[in-house]
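In case you want the letters, here they are:
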Amino acid sequence: MPVRAITEAYEFPSRSRAELYGDDQLVHVLWKGNMLLAAAATFRVPRAMPWAEFLAGVVDPWAASDPDYRPGTGRSWTLDGRPLEPRDADTLADLGVGHKSLLTFDT
């Protein structure tokens, strides 16, 4: 539901805007269809982080809280609703992952 300020002169810069994070960014990760991890998790990660490091250091520890998660198994990924086929050496920036992007996967 949208929220409107009571006054027209309401000026408030976002506390999560990209320029506050330097070389890092916020990335949302969602395991589609998972009933235990039903909402996206948000992580602060460097733009230059390689995909393999992102999986091993960020996604795997988070998703492993579900006993059905198997690291290294085949997954289909989407980035902001578009199919994504990442390679291990690609950085998040190379893949087009931006500040507050949503990465989703199916197992």
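What comes next concerns the included structure. (Residues numbered from 1 in each chain as written. Predicted model: local features only at pLDDT ≥ 70, side-chain atom pairs only at ≥ 80, totals over all residues. Heavy atoms only, no water.)

### A word on the sheet that holds strand β5 (residues 101–106)
Here 5 strands make up an open sheet; going across it, the order is β2-β1-β5-β3-β4 and the pairing mixed. The two strands at the open ends of the sheet, each matched to only one other strand, are β2 (41–46) and β4 (82–84). Put simply, the sheet's adjacent strands are angled 35° from each other on average, direction ignored. Relative to β5, strand β3 (residues 76–79) is paired through 4 bridges, and the arrangement is antiparallel. When the sheet's bridge partners are listed, T78 is paired in β5 with T104. Helix-sheet contacts for helix α1 (residues 51–63) involve β1 (24–31), β2, β3, β4 and β5, and the interaxial angle to β1 is about 55°. (Pairing = 2+ DSSP bridges. Helix = DSSP H or I, 4+ residues; strand = E, 2+ residues; numbered from the N terminus. Axes fitted to C-alpha atoms, helices over the stretch in contact; angles between N-to-C directions. Contact = heavy atoms within 4.5 Å.)

### Here's the deal with the side chain of R75
Here R75 shows up in the loop between α1 and β3. At 2.6 Å, the side chain of R75 and the side chain of Y69 are in polar contact. Here R75 is in contact with L55, D60, Y69, R70, F105, D106 and T107, once residues within four sequence places are set aside. (Polar contact = N/O pair within 3.5 Å; in protein donor to acceptor, adjacent residues only side chain to side chain.)

### Section: the side chain of S16
Counting through the fold element by element, S16 comes out in the segment before β1. Looking at S16, its side chain comes within polar contact range of the side chain of K100, at 2.6 Å. Sequence-distant contacts of S16, that is, excluding residues within four places in its chain, are made with Y21, L26, H99 and K100.

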